[in-house]
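Residues per chain are reported as follows:
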Amino acid sequence: MLCSHLLSFTSQLKSLVVEMRYHATYDTQFDIQDEMLIAFNNMYQLRQLNKEMEEELRMKLWTCCYEKLQEIIQANDEALKQEENAITSGLADKMEPSIERYVFELKKASPDNSASQVLGMLMDYLDSNIALISRMQDKGTLSNIVVSIWGKICLKLKDVVETKPELEEEHYDRVGDSLKFLKHHFQNNLGENGVPEERLIAQPAFTQVLDTMDLQRLDTTELIIRHYKEQSEERGERSTGAGVIDLKLSLKERRDGKAILFAKLLGARELIALDTNGKSDPFIQLQVVPHHLFPDCELKQSTVKKSTLEPIYNEMFEFIIPQDQICNGVLVLTV
């Protein structure tokens, strides 16, 4: 009888939750409602009751009877969990249009206005809704909702930078100030609902907005340099099993503002066999890039070593490079 009433109440709660699944538009602001909180707390209480009843029945019933009832109880708990997840995962999505409208005020506002002034309406909107959901009894779900809202805000800040690349430097500074201001608010100004800093910065959207701001501030030359450096790092991290090159580097500065990069190519090992005899005829190319920063650095090439996977070269190569660009160059080796 108790299981029957529990299932009936669950069905009624599910119907109430389904009625709440409406979509906010850009013309209507989505706000979390008291009815939604009541439904959340009721579902949480029912799940707790499920656990208690399952334990009590396990102790009092014969095994065969308990197993049958256990199936009903677990199915009931799973139904509640699915409905709860459906709502929690969608709350931040439904708040997104309002979040976007308030965050995009950063694009229109005067650079003389501070981040806190421009984001005043956003803060009011967030505080009123977070204050409401703070009444949730399941604190784990509450924390996940707050972090999801933070992720949406970070993505909208990223959109502000991407959709207006002609922003002046002070606008980028204000977007950065806004990010710091909001992170501090989520971390310190939500009372017991505050989110630890490590959870905030671990959100992929947080990293994305920082990277986007860095990229937008770079000029073309700096972007090219960054591209080559990232490409070099990726090659270093990626283990392709293509072999190892042994190389010694040294640098000698000259009085004319340039320097000589000495690259002594010792040899290579564990190369891939490309010929039918299980050997290869390897040679190695060396180049300093990007070319527009190092116009005097021509492509260099070693001698060809026949029928070997362990070539020994002991060859020296020299590259003339500007001293003020040393940190911006990448030596690319190609077998």
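Since the model is a prediction, treat every value here as computed from it, not as a measurement.

Moving on, we come to unusual backbone geometry. Positioned with a positive phi, Glu270 is a non-glycine residue whose angle comes to about 60°. Among the structural elements, Glu270 can be located in the loop between β2 (258-269) and β3 (285-289). Within the chain, Ser307 stands out as a residue other than glycine whose phi angle is a positive 45°.

Counting 42 residues, the largest nonpolar core has Ile149, Leu157 and Phe186 as the members making the most contacts within it. Secondary-structure elements contributing two or more residues to this core are α2 (34-60), α3 (63-103), α6 (120-133), α7 (139-163), α8 (169-188) and α10 (204-217). It is α7 that contributes the most residues to this core, eleven residues altogether. If sequence neighbours within four positions are ignored, Phe186 has contacts with Leu126, Ile130, Val146, Ile149, Trp150, Ile153, Gly194, Val195 and Leu200. Membership of the second largest hydrophobic core comes to 16 residues, among which are Leu265, Ala268, Leu271 and Leu286.

The next point concerns the pairing of β2. Note: strand β1 (residues 244-253) against β2, ten bridges, orientation antiparallel. Bridging across to β2, Ser250 finds its partner in Phe262. The antiparallel hairpin formed by β1 and β2 contains four residues in its connecting segment, where Gly257 sits at a positive phi of about 85°. Two strands pair when backbone bridges link them, and β2 and strand β5 (residues 312-322) are joined in this way by nine bridges, in the antiparallel orientation. Counterpart to Leu261 in the pairing with β5 is Phe319.

So, about the sheet that holds β1. In space, the three strands of this open sheet follow the order β1-β2-β5, with antiparallel pairing throughout. Two strands close off the open sheet at either side, each with one partner strand: β1 and β5. Strand-to-strand twist of the sheet, defined as the mean angle between neighbouring strand axes without regard to direction, takes the value 20°.

What follows is about the pattern of salt bridges. Following the criterion strictly, the structure yields nine salt bridges and no others. Here Lys152 and Glu96 are joined by a salt bridge, their closest N and O atoms 3.3 Å apart. Taken together, the residues span a long stretch of sequence, with Lys152 in helix α7 and Glu96 in helix α3 at a distance of 56 residues. You can call Glu96 partly exposed: its relative accessible area is 23%. We note a salt bridge from Glu100 to Lys156, for which the minimum N-O separation is 2.9 Å. Of this pair, Glu100 sits in helix α3 while Lys156 is found in helix α7, placing the two residues 56 residues apart along the sequence. On the accessibility criterion, Glu100 (16% relative accessible area) is buried. Here the residues in one salt-bridge network are Asp93, Glu96, Glu100, Lys152, Lys156 and Asp159, joined through shared partners.

Spatially, three strands are ordered β4-β3-β6 in an open sheet, and the strand pairing comes out antiparallel. Since the sheet does not close on itself, it has two edges, and those belong to β4 (300-301) and β6 (330-334), each with one partner. Here β3 pairs with β4 via two bridges, running antiparallel. Among the inter-strand pairings, Gln285 is bridged to a residue of β4, identified as Gln301.

Helix length check: α6 (14 residues) gives 20 Å between terminal C-alpha atoms against 20 Å at 1.5 Å per residue, within 8%. Every buried residue belonging to α6 is among Leu122, Met123, Tyr125, Leu126, Asn129, Ile130, Leu132 and Ile133, and all of these are buried.

This part takes up the confidence of the model for the protein. Model confidence for the protein is summarised by a mean pLDDT of 76, while 66% of its residues fall at 70 or above. Mean pLDDT per element in the protein: helix α1 (residues 2-19) is the minimum at 57, and β4 is the maximum at 92.

Quick notes on the rules
Residues numbered from 1 in each chain as written. Predicted model: local features only at pLDDT ≥ 70, side-chain atom pairs only at ≥ 80, totals over all residues. Heavy atoms only, no water. Helix = DSSP H or I, 4+ residues; strand = E, 2+ residues; numbered from the N terminus. Core = buried A, V, L, I, M, F, W, Y, C linked by side-chain atoms within 4.5 Å. Buried < 20%, exposed > 50% of the residue type's maximum accessible area, 1.4 Å probe, protein only. Contact = heavy atoms within 4.5 Å. Pairing = 2+ DSSP bridges. Axes fitted to C-alpha atoms, helices over the stretch in contact; angles between N-to-C directions. Salt bridge = Lys/Arg side-chain N within 4 Å of Asp/Glu carboxyl O. Expected span 1.5 Å × (residues − 1). pLDDT = per-residue confidence, 0-100.

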